[in-house]
Amino acid sequence: MALFPGQRAGVELAAMLLLFTSMAWNMVLGFYQSLCTIPRELLEASQVFGLSSWKRFWTLELPAGAMGLVWNSIVSVAGGWFFLISIESFELGNQDFRLPGIGAFLATAAEHANYAAISWGLLSLVTVIVVADFVVWRPLIAWSSKFSYGSGTAAQMAPKSSVLNFLQRSHVTRALHEKLLSQMWLGFVELFPSRRKTHYVMPSTGDKWVQSTALLRSAVFALLSVGFTGTVGYAAYKAVGVLSVLPLRVWLGLGVDALYTLGRVLVALVLSIIWTVPLGVSVGRDPALASRLQPLVQIFASVPATALFPFVLLALVRLGSGLQIGSIVLMMLGMMWYILFNVIAGAQAIPPELFEVDSIYGKGSLLKRWKTLIIPGIFPYLITGIVTAVGGAWNASIVSEYVIFQGNSISTRGLGSAISVAASNGDYSVLLAGTLVMCGLVLLTNRFVWGPLYKLANTKYRLSQS
């Protein structure tokens, strides 16, 4: 916002950056997990055929991650809707920033407890979600199912989409695909040929093309590296100056706040896993159930939890509870969908032939099926969902531990509350310190908890032979 003082362009860019940070990492982790579970036989085949890194990505790695990428895109978009209120309506010091949009509308309605306005705003949001599901997500889910590792049985279990069926049967789209898009795609895939010299590539032409593209990539990478290093160095220099004024008691207080929030995150995580794993497996293995529940799940995942907070708060007040429980509920609303959608993708990725084998040798034992097939099959996806869910819970703590309701601020002790209060008061040193403490906790858990579990998932639980 400092680049565009007094202009809405700076606030718009800040909002888009916040949306990007709330959406991108889930998709990145999901795609990384898909790459780690590619069967070794397919990787060896790509080496045997001499595929370049460019062609291997478009013909093997991207198709292998297509199913998980689609499901994680759905939950990422839902996460963007979830944080819409805090993105389009926020305070920084004595300034109140509000962008035109449904998020700012719901924020104003929630602050004044205008239940009619909240209901109309949610109805508009649900309408957009339903239309997007029918036109975009359901066709993508049906299309991406063809990239599963199963065979004919998997094709029979693939979800259906009337929009995709219409496009596939249309003479216009089929002619466009055959005469234009397929040719463009073949040229695009062969854009960067393999470094290996084959009989159909002229050595001189191929070497020159590879050398020029390699030089260009090196130059771009060097420029980006210099720019990134300079930006990080300058930011670190400024951060040291801001943090140097903080006394030790502030850091100790932030550490205690972090423990409060960590406890709520763990409780919300356990409660989320209890119900999302069984439901996700059921939806992933039953296309008919998935077609009925997937739009409903997407709607519930996309509804901003802070818009529902007036209803949640009133219910908790009647039960005699406060924001201590309300913050856990709001955290669950912000994290459980990451686990659910990843489990659905993992259940769909299990080859149906394994279930047929299990029905023969497992003798119908449900407990044995979960122990020997389902849990190992969804384990890599489950870990990815948990990692992104925990990150979503830490982000949700900022809006769940400090809430504006009917013109009054309601808070409970925690790191998210400390960050929100610092942002509201314009205390940038505490704001930066709280953000660093949160980042440090996330990095530590990734290093000592999720990292080893990722390694276990990628070495022991993958669809390949040893």
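Residues numbered from 1 in each chain as written. Predicted model: local features only at pLDDT ≥ 70, side-chain atom pairs only at ≥ 80, totals over all residues. Heavy atoms only, no water.

*Asks:* Please provide a residue-by-residue account of the overall build of the chain, values included.
*Replies:* In terms of helices and strands, the chain carries 19 helices and four strands. Within the chain, contacts between residues separated by at least 24 positions form 76% of all contacts whose residues are at least 6 apart in sequence. By element, 70% of the accessible surface of the chain is carried by carbon and sulfur atoms, the whole surface being about 25,100 Å². (Helix = DSSP H or I, 4+ residues; strand = E, 2+ residues; numbered from the N terminus. Contact = heavy atoms within 4.5 Å. Areas by Shrake-Rupley, 256 points an atom, 1.4 Å probe, with all protein chains shown as cover.)

*Asks:* Please set out the packing of aromatic side chains residue by residue, giving values where relevant.
*Replies:* Under the defined criterion, the tally for this structure stands at ten aromatic pairs. Taken together, a centroid distance of 6.0 Å and an interplanar angle of 70° make the contact between Y32 and Y454 edge-to-face. Linking Y32 in helix α1 (residues 8–36) with Y454 in helix α19 (residues 428–459), this pair joins segments that are 422 residues apart in sequence. Residue classification places Y32 among the partly exposed residues on the basis of a relative accessible area of 42%. The interplanar angle of 90° and the centroid separation of 5.9 Å between the aromatic rings of W58 and W185 together place this pair among those described as edge-to-face. Placement of the pair is W58 in helix α3 (residues 53–64) and W185 in helix α10 (residues 171–189), with a sequence separation of 127 residues. The positively charged end of R447 is found above the aromatic ring belonging to F448, 5.4 Å away from the centroid. (Phe/Tyr/Trp six-rings, centres within 6.5 Å; stacked < 30°, edge-to-face > 60°. Buried < 20%, exposed > 50% of the residue type's maximum accessible area, 1.4 Å probe, protein only. Lys NZ or Arg CZ within 6 Å of the ring centre and 35° of its normal.)

*Asks:* Give a detailed account of the pattern of salt bridges, specifying residues and quantitative values.
*Replies:* Once the charged atoms of two side chains with opposite charge are near each other, the side chains can pair. Considering all chains together, one arrives at five salt bridges under this definition. For D257, the salt bridge goes to R413, with nearest N and O atoms at 2.6 Å. Separated by 156 residues along the polypeptide, D257 in helix α12 (residues 248–285) and R413 in the loop between β4 (408–411) and α18 (415–425) bring together distant segments of the chain. (Salt bridge = Lys/Arg side-chain N within 4 Å of Asp/Glu carboxyl O.)

*Asks:* Go over a nonpolar patch on the surface with me, naming the residues and quoting the values.
*Replies:* Judged by side-chain polarity, V131, F134, V135, V136, L140 and W143 come together as a nonpolar surface patch covering roughly 500 Å² of accessible area. Examined against the element boundaries, V131 turns out to sit in helix α7 (residues 115–144). (Patch = residues over 30% accessible without salt bridge, like charges linked within 9 Å, V, L, I, M, F, W, Y side chains within 5 Å.)

*Asks:* An account of the side chain of N72 is needed here, citing residue identities and associated values.
*Replies:* The topology assignment puts N72 in helix α4 (residues 66–82). Residues within four places of N72 in sequence aside, it is in contact with N26, M27, G30 and N342.

*Asks:* Quick rundown of the packing of helix α17 (residues 366–400) against α18? Include the residues and the values.
*Replies:* At a closest axis distance of 7 Å, the pairing of α17 and α18 adopts a crossing angle of 55°. Put simply, α17 runs oblique to α18. Where α17 crosses over α18, the two elements pack in a sense that is right-handed. In this structure, α17 contributes W394, S397 and I398 to the contact, and α18 contributes L415, G416, S417, I419 and S420. (Axes fitted to C-alpha atoms, helices over the stretch in contact; angles between N-to-C directions. Parallel < 35°, antiparallel > 145°, perpendicular 65-115°, else oblique. Left-handed = near helix turned anticlockwise from the far one by under 90°.)

*Asks:* Pulling in residues and values, what's your account of the confidence of the model for the chain?
*Replies:* Averaged over every residue, the pLDDT of the chain is 78; residues scoring 70 or more account for 80%. Per-element confidence in the chain is highest for α12, whose mean pLDDT is 91, and lowest for helix α8 (residues 152–156), whose mean pLDDT is 50. In this model residues 198–206 is a low-confidence stretch, pLDDT under 50, and it forms one contact with partners more than four residues away in sequence or in other chains. (pLDDT = per-residue confidence, 0-100.)

*Asks:* So what's going on with the nonpolar core? Residues and values would help.
*Replies:* For soluble globular proteins, the rule of thumb is that nonpolar side chains tend to be buried together. W71, I378 and L415 are the most contacted members of the largest nonpolar core, which totals 64 residues. At the level of secondary structure, the elements contributing two or more residues to this core comprise α4, α7, α12, α13 (287–302), α15 (323–349), α17, α18 and α19. Ranked by residues supplied to this core, first place goes to α15 with 15 residues. (Core = buried A, V, L, I, M, F, W, Y, C linked by side-chain atoms within 4.5 Å.)

*Asks:* Could you give an account of the packing of α15 against α17, with specific residues and numbers?
*Replies:* Close contact between α15 and α17 brings their axes to 8 Å; oriented N to C, the two are set at 155°. If you check the angle between α15 and α17, you find them roughly antiparallel. Where α15 crosses over α17, the two elements pack in a sense that is right-handed.

*Asks:* Provide a residue-level description of the side chain of R264, including the pertinent values.
*Replies:* For R264, the position within the fold is in helix α12. A polar atom in the side chain of R264 sits 2.9 Å from the side chain of E401. R264 has contacts with Q324, S327, I328, M331, E401, T412, R413 and G414, leaving out every residue within four places of it along the chain. (Polar contact = N/O pair within 3.5 Å; in protein donor to acceptor, adjacent residues only side chain to side chain.)

*Asks:* Residues and numbers for the environment of F192, please.
*Replies:* Within the fold, F192 resides in the loop between α10 and α11 (203–243). Residue classification places F192 among the partly exposed residues on the basis of a relative accessible area of 24%. For the pair F192 and S52, spaced 140 residues apart in sequence, the C-alpha separation works out to 7.3 Å.

*Asks:* Explain the environment of T127 residue by residue, including any values.
*Replies:* On the secondary structure map, T127 appears in helix α7. In this structure the C-alpha to C-alpha distance between T127 and I299, which are 172 residues apart in sequence, comes to 9.2 Å.

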